[in-house]
Amino acid sequence: VWHHKPAINEELLQSLPNLKVVASAGVGIDHLDLKLLSSYGVKVSNTPFIVSTDTADMGMALMLASSRRLVEGHEMAVSPDTEYFPVDWLGVEVSGATLGILGMGKIGYKVAERAKAFEMKILYHNRNQRKKEEESAVGAVYCKKIDDLLQQSDFVLLAVTLTPQTHKLIGKRELELMKPTATLINISRGLIVDQDALVEALHNKVIKAAALDVTYPEPLPRDHPLLKLKNVIITPHIGSATKKTRWVMMEEMTESIKAGLAGLPIPREVL
């Protein structure tokens with residue numbers, strides 16, 4: 001399954017009585033009804049480990065691109081109308097700033113490792129607090145309440161799994177808790193954010209900017225207001241899109257399919 005296609009629904013399952021395994025690319029499984037699949041005796045696998053490095057790199061890339069206004073800068077530099085570069089055209093500092101990470105799993109922790117090299121102050125919120133030695137290794141401070149993280153962070157990065165509990169985790173109230181100078185970065189799933197509330201917050205300067213590798217839907221309708229805002233960077237869900245990672249993802253999916261067809265334990269089975 002790539003990009004949620006084909007849709008694994010009851011109609012498809014009824015048409016494929018010999019189906020044994022569904023191998024899904026990436027880490028997210030929010031597009032799969034595990035109970036439905038299990039009721040048909042179908043097993044599920046994903047590729048959760050290989051994507052974390054590239055996705056963490058993407059999170060840092062979005063943070064840097066947004067803070068230093070790289071997209072706007074490129075447009076200015078190549079525009080046929082540009083006659084000079086204004087000296088008051090400024091970005092904001094990443095080094096030494098406070099990064100709040102919502103979701104300190106494999107991807108979130110790798111983001112923290114990278115942010116440490118930028119001498120950032122790292123806050124995080126997670127369902128479970130990391131071990132003290134893990135926190136110390138990246139200099140991360142646990143925030144029991146999301147509100148505390150939102151109020152203190154210059155950059156808020158979302159790396160949580162989409163579940164009913166995290167659906168629209170960031171809405172109007174949460175955005176209003178953020179600093180007016182803060183940037184929201186989303187490398188998880190589009191539905192983690194209330195996009196209508198985000199448009200309003202960006203338009204009214206409740207927060208400074210957003211950098212999104214994920215939206216809902218994907219791609220956005222061409223007339224969507226997010227596409228018209230200068231303080232937004234949107235990329236086409238390419239967190240894991242490098243040649244090496246996609247190749248390994250295919251190898252892992254093939255391995256799981258072969259095991260499932262042979263009746264062997266499935267590597268990376270989703271239970």
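Residue positions within a chain follow its written sequence, with the count starting from 1. Restriction of local features to residues with pLDDT of at least 70 applies here, the model being predicted, together with a cutoff of 80 or more for giving and counting side-chain atom pairs; totals for whole chains, interfaces and linings are based on all residues. Note that the side-chain values use all heavy atoms of the structure and ignore hydrogens as well as water.

Looking up the protein chain in an unreviewed UniProt entry gives the name Glyoxylate reductase/hydroxypyruvate reductase, with the organism given as Setophaga kirtlandii. UniProt positions are given in the numbering used here, feature names are shortened, and annotations may be inferred rather than shown by experiment. The Sequence similarities (unreviewed entry) comment attached to the protein chain in UniProt states, word for word, "Belongs to the D-isomer specific 2-hydroxyacid dehydrogenase family."

Peer 1: Describe the sheet that holds strand β3 (residues 98-102), with residues and values.
Peer 2: Strands sit in the order β5-β4-β3-β6-β7-β8-β9 across an open sheet of seven strands; the sheet is parallel. The open sheet terminates on both sides in strands that have one partner only, identified here as β5 (140-142) and β9 (232-234). Pairs of neighbouring strands in the sheet enclose a mean axial angle of 15°, with direction left out of account. Most of the contacts of helix α5 (residues 106-117) go to β3, to which it runs at about 170°, and overall it touches β3, β4 (121-125) and β6 (155-158). We treat two strands as partners when DSSP finds at least two bridges between them. What counts as a helix is a DSSP run of H or I of at least four residues, what counts as a strand is a run of E of at least two, and both are numbered from the N terminus. An axis is simply a line fitted to the C-alpha atoms; with a helix, the fit covers only the stretch in contact. Between two such axes, the angle follows the N-to-C directions and lies from 0 to 180 degrees. Here, two residues are considered to be in contact whenever any of their heavy atoms come within 4.5 Å of each other.

Peer 1: Explain the packing of aromatic side chains to me, and be specific about the residues and the numbers.
Peer 2: In this scheme Phe, Tyr and Trp rings, the latter by its six-membered ring, pair at centre separations within 6.5 Å, and the angle between planes marks the pair as stacked below 30 degrees, edge-to-face above 60, and tilted otherwise. Across all of its chains, the model carries one aromatic pair by this definition. Relative to Y142, the ring of Y124 lies with its centre 5.2 Å away and its plane at 55°, an arrangement referred to as tilted. Of the two residues, Y124 is situated in strand β4 and Y142 in strand β5; the sequence distance between them amounts to 18 residues. Each residue is assigned to one of three classes by its accessible area relative to the maximum for its type, calculated with a 1.4 Å probe on protein chains only: buried under 20%, partly exposed between the two thresholds, exposed over 50%. Note on Y142: relative accessible area 22%, which makes it partly exposed.

Peer 1: Describe the domain arrangement of the protein chain, listing the residues and the values that go with them.
Peer 2: Note that the domain bounds were set by an automatic or database domain assignment. Domain annotation for the protein chain reports domain 1 (10-49 + 241-262) and domain 2 (51-234). On a C-alpha basis, the centres of domain 1 and domain 2 stand 30 Å from each other. Across the domain 1 to domain 2 interface the summed buried area is about 720 Å²; carbon plus sulfur atoms make up 55%. For any pair of parts, buried area is found by adding up, for both, the accessible area (1.4 Å probe) each one loses once the two are put together. Taken as a group, D30, F49 and T245 account for 57% of the area that domain 1 buries against domain 2, more than any other trio of residues on that side. What makes a salt bridge here is a side-chain nitrogen of Lys or Arg within 4 Å of a carboxyl oxygen of Asp or Glu, nothing more. Connecting domain 1 to domain 2 are one salt bridge. Pairs of N or O atoms are called polar contacts if they sit within 3.5 Å, as long as, within protein, a hydrogen donor faces a hydrogen acceptor (for residues adjacent in sequence, only side-chain-to-side-chain pairs). There are five residue pairs in polar contact (both at pLDDT 80 or more) connecting domain 1 and domain 2. Grouping the constituent residues of the side of domain 1 that touches domain 2 by class yields four nonpolar, five polar and one charged. Under the scheme applied here, ten amino acids are nonpolar (Ala, Val, Leu, Ile, Met, Phe, Trp, Tyr, Cys and Pro), four are charged (Asp, Glu, Lys and Arg), and all others, including Gly, are polar.

Peer 1: Explain the layout of surface pockets to me, and be specific about the residues and the numbers.
Peer 2: Of the voids in this model, the second largest pocket is the one considered here, and its volume is about 440 Å³. Cavity: a set of points on a 1 Å grid over the protein atoms alone where a 1.4 Å probe fits but cannot get out. Pocket: an open set with protein on both sides within 12 Å along at least five of seven lines, its lining residues, like those of a cavity, having an atom within 4 Å of a point. The wall of the second largest pocket is formed by 23 residues, among which E72, A209, K230, N231 and V232 lie closest to the centre. Of the residues forming the lining of the second largest pocket, the biggest block, four residues, is contributed by helix α4 (residues 70-78). Classifying every residue of the lining of the second largest pocket gives 12 nonpolar, four polar and seven charged. Grid points are joined across faces, edges and corners, and a volume is the space filled by probe spheres set on the points.

Peer 1: Break down the pattern of salt bridges for me, with residues and values.
Peer 2: Counted by the stated rule, this structure contains 13 salt bridges. Put simply, K172 and E200 hold a salt bridge, and the shortest N to O gap is 3.5 Å. Here the residue K172 occupies a position in helix α8 (residues 172-177), and E200 occupies one in helix α9 (residues 195-203), the gap between them amounting to 28 residues. On the basis of relative accessible area, K172 is assigned to the partly exposed category, the value being 44%. Relative accessible area serves as the criterion here: at 39%, E200 is assigned to the partly exposed category. Each of D147, R173 and E174 takes part in one network of salt bridges that share partners.

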